[in-house]
Amino acid sequence: MNIGDPDRVLTASARVLEIQTKLHRWAKDGPARRFDDLFNLVADPAFLIVAWDRVRNNKGARTAGVDGFSAYYVEQVRGVGAFLADLREQVRSMTFRPLPVRERMIPKANGKRRALGIPTVRDRVVQAALKLVLEPIFEADFLPCSYGFRPNRRAQDAIAEIHFLASRSYEWVLEGDIEACFDRIDHVALMARVRERIGDKRVLALVKAFLKAGILTQDSGLKASDTGTPQGGILSPLLANIALSVLDEHVVQNGGAMLTVTDRARRKRHGLPNYRIVRYADDFVVMIDGTRDDAERIREQLADVLAPMGLRLSPEKTTVCHIDEGFEFLGWRIQRHLRRGQSERRFVYTYPSKKSVASVTSKVRDITRQTQNQPLGNVIAQLNALLRGWSMYFRHGASSRTFSYVGSFAWNRLVRWITRKHPRTGWRRMRRMFFPDWQITDGERTLFNPETIKIVRYRYRGADIPTPWEPRMA
């Protein structure tokens, strides 16, 4: 199996896309259809080639699992062709057995740490092949209100929908927080939802094998994985979306989301609230066109919906608020208030949250605390990557003042770093050398200024977001 030729990868990708398109169309045309013959696709050479290509080009390709082998080792020592041929034979003969994931604790934004499970390269490739087969089928069932870890969807779509709803009478907000979602999903309940679409017992056995593979902890102890789907696995986000889609279905079916504007107005006249959910993976908010009591009522309902999946809402972090009070979601602060200079009409605004600003400034501090025994260009490159990525994420909100603050903060921190690096250089000479026209540069690189990013309102796409397997809607 020679995949060194890029044309081979393109040919395999075209074949995979063609099959995925058929699977997605069949799943859409038959909402009750169960797919009984998918196992051969998982072991198909084209699917394995595309799966390897995605694993190899992932930023975690250099990380090894419990077997100590990285994607680089496979590519440079063993050979990709031999590796995939052996893996295909194991899958086809049903002798493939996933190895435990390697646990690593990584810091969270709130200062706590969460567990990340790192599968072996061979397991990642098979998981990627499984995802290529299963994703087009389940995407036919997922509702438009879910945005996390789905093709052609992003966090900005979720924020745009919240802004759209909050501007149209959905004024009460339930902020949902699920306790240790990825660690506690009940395997029996999850597999029951997978079986609603998948009838191939060999595929089901493979999915279950990954769920039960176990965890090798940092102190080299082997821990059983009786619940949950470890974060870090390629298949885990899809499985989590399958489990959490129970939330979407409940709110959409019972909250009037599928009704017309006239029908929703009729519900309101009869004292019934209208609910809309916006979910990004395990983070979600429910927008309520009603009262605070209605928001409290839906919180109790969702707790009951999650219980069979082995999940529960955090009593402390699941809160109800009014849009005028504001709330934070996916790094944004969303709040309605008067426009500056006006005293009558209120508008909904989205800003970078204080936590997001604190996070980026903390990273700027870390970069500019580094030793001065390195070129200025290296420090500028690190800061530019950080500032450019952060600014591009927040460029769709009312962020100009925040960009100005963050840009000034980074500029001052870097000036202090240069001053420490050149303690005997006078200010005038230092200014001529490193920041002519007040822009810090080493002659090749210039410190990025977030204020240069143009603020553009993100277009709300609603349900008009096509999958990769269907034509784009007009």
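Residues numbered from 1 in each chain as written. Predicted model: local features only at pLDDT ≥ 70, side-chain atom pairs only at ≥ 80, totals over all residues. Heavy atoms only, no water.

Attention now moves to the nonpolar core. In terms of nonpolar packing, the biggest core is built from 85 residues, with Leu 38 and Val 125 touching the most fellow members. For Leu 38, the residues in contact, after removing those within four places along its chain, are Leu 23, Val 133, Leu 134, Ile 137, Ile 198, Asp 200 and Val 203. Of all hydrophobic cores here, the second largest spans 48 residues; its members include Trp 390, Val 415, Met 430 and Ile 440. (Core = buried A, V, L, I, M, F, W, Y, C linked by side-chain atoms within 4.5 Å. Buried < 20%, exposed > 50% of the residue type's maximum accessible area, 1.4 Å probe, protein only. Contact = heavy atoms within 4.5 Å.)

Glancing now at the pattern of salt bridges. Counted according to the given criterion, the structure contains 23 salt bridges. The network of salt bridges with shared partners includes Asp 37, Asp 200 and Arg 202. (Salt bridge = Lys/Arg side-chain N within 4 Å of Asp/Glu carboxyl O.)

Sheets are built from strands paired through backbone hydrogen bonds, the pairs being either parallel or antiparallel. The strand order E2-E1-E4-E5 describes an open sheet built from four strands, whose pairing is mixed. Of all strands in the sheet, those with a lone pairing partner are strand E2 (113–118) and strand E5 (222–223), marking the two edges. (Pairing = 2+ DSSP bridges. Helix = DSSP H or I, 4+ residues; strand = E, 2+ residues; numbered from the N terminus.)

This part covers empty space enclosed by the protein. Under the criterion given, the structure shown has three cavities of 30 Å³ or more. Its volume calculated, the largest cavity comes out at about 140 Å³. As for the largest cavity, its lining consists of 18 residues, of which Val 101, Gln 127, Phe 210, Pro 230 and Ser 236 are closest to the centre. Those elements that place two or more of their residues in the lining of the largest cavity are helix H6 (121–139), helix H10 (201–211) and helix H11 (236–254). Top element by residues in the lining of the largest cavity is H10. It accounts for three residues. Considered class by class, the residues forming the lining of the largest cavity number 11 nonpolar, six polar and one charged. Considering only enclosed or pocket space, the second largest cavity measures out at about 50 Å³ in volume. Ranked by the residues each element gives to the lining of the second largest cavity, the list is headed by helix H7 (residues 155–166), at three residues. Residues belonging to the lining of the second largest cavity are distributed by class as follows: four nonpolar, two polar and one charged. (1 Å grid on protein atoms, 1.4 Å probe; cavity = no way out; pocket = protein on both sides within 12 Å on 5 of 7 lines; lining within 4 Å. Points joined across faces, edges and corners; volume = space filled by probe spheres on them. Nonpolar A, V, L, I, M, F, W, Y, C, P; charged D, E, K, R; others polar.)

On the surface, Phe 69, Tyr 73 and Val 77 cluster together to form a nonpolar patch covering roughly 270 Å² of accessible area. Examined against the element boundaries, Val 77 turns out to sit in helix H4 (residues 71–78). (Patch = residues over 30% accessible without salt bridge, like charges linked within 9 Å, V, L, I, M, F, W, Y side chains within 5 Å. Areas by Shrake-Rupley, 256 points an atom, 1.4 Å probe, with all protein chains shown as cover.)

Looking now at the packing of helix H5 (residues 80–92) against H6. Across the interface, H5 lies against H6 with an axial gap of 11 Å and an inter-helix angle of 65°. Regarding the angle of H5 to H6, the classification is roughly perpendicular. Note that H5 runs across H6; the crossing there is right-handed. On H6, the residues touching Phe 83, Leu 84, Leu 87, Gln 90 and Val 91 of H5 are Val 121, Arg 122, Val 125 and Val 126. When the residues that make up the contact of H5 with H6 are grouped by side-chain class, the tally is seven nonpolar, one polar and one charged. (Axes fitted to C-alpha atoms, helices over the stretch in contact; angles between N-to-C directions. Parallel < 35°, antiparallel > 145°, perpendicular 65-115°, else oblique. Left-handed = near helix turned anticlockwise from the far one by under 90°.)

Let us look at the environment of Asp 183. The topology assignment puts Asp 183 in helix H8 (residues 181–184). Relative accessible area serves as the criterion here: at 42%, Asp 183 is assigned to the partly exposed category. In this structure Asp 183 touches Thr 227 and Gly 228, once residues within four positions along its chain are discounted.

Let us look at the sheet that holds strand E8 (residues 319–322). Read across the open sheet, the four strands follow the order E6-E7-E3-E8; overall the sheet is antiparallel. The open sheet has two edge strands with one neighbour each: strand E6 (274–280) and E8. Adjacent strand axes in the sheet meet at a mean angle of 20° when their direction is disregarded. Pairing geometry for E6 and strand E7 (residues 283–289), over seven bridges, is antiparallel. Opposite Ile 277, over in E7, you have Val 286 as the bridge partner.

Here we come to H7. The terminal C-alpha atoms of H7, which comprises 12 residues, lie 17 Å apart, in line with the 16 Å expected from a rise of 1.5 Å per residue. In terms of residue burial, H7 counts as a mostly covered element, since 11 of its 12 residues are buried. Among all positions in H7, only Ala 155, Gln 156, Asp 157, Ala 158, Ile 159, Ala 160, Glu 161, Ile 162, His 163, Leu 165 and Ala 166 are buried. Where the residues of H7 are buried, they touch E6, E7, strand E9 (327–329), strand E10 (332–338), strand E11 (346–352) and helix H15 (376–394). (Expected span 1.5 Å × (residues − 1).)

Counting buried positions along E7 gives six out of seven residues, so the element sits mostly inside the fold. By the bridge criterion, six bridges tie strand E3 (residues 172–177) to E7 in an arrangement that is antiparallel. Counted as the bridge partner of Asp 177 is Asp 283 from E7. Here E6 folds back onto E7, and the loop between the two strands holds two residues, one of which, Ala 281, carries a positive phi near 60°.

Okay, H5 next. In a regular helix each residue adds 1.5 Å, so 13 residues correspond to 18 Å; H5 covers 18 Å between its end C-alpha atoms and thus fits that length. Inspection of H5 places Val 80, Gly 81, Phe 83, Leu 84, Leu 87, Gln 90 and Val 91 among the buried residues, and these make up the whole buried set. Here the buried face of H5 lies against helix H2 (39–42), helix H3 (45–56), H4 and H6. Looking one or two residues beyond H5, the residue adopting positive phi is Met 94, at roughly 60°.

This paragraph deals with the packing of aromatic side chains. Summed over the entire model, instances satisfying the criterion amount to 16 aromatic pairs. With centroids separated by 4.9 Å and ring planes inclined at 50°, the aromatic side chains of Trp 390 and Phe 394 adopt a geometry described as tilted. One end of the pair is Trp 390 and the other is Phe 394, both in helix H15 and four residues apart, which spans about a single turn. In this structure, Trp 390 and Phe 394 share a single accessibility class: buried. Put simply, the rings of Trp 332, Trp 390, Tyr 393, Phe 394 and Phe 403 pair up and form one aromatic cluster. (Phe/Tyr/Trp six-rings, centres within 6.5 Å; stacked < 30°, edge-to-face > 60°.)

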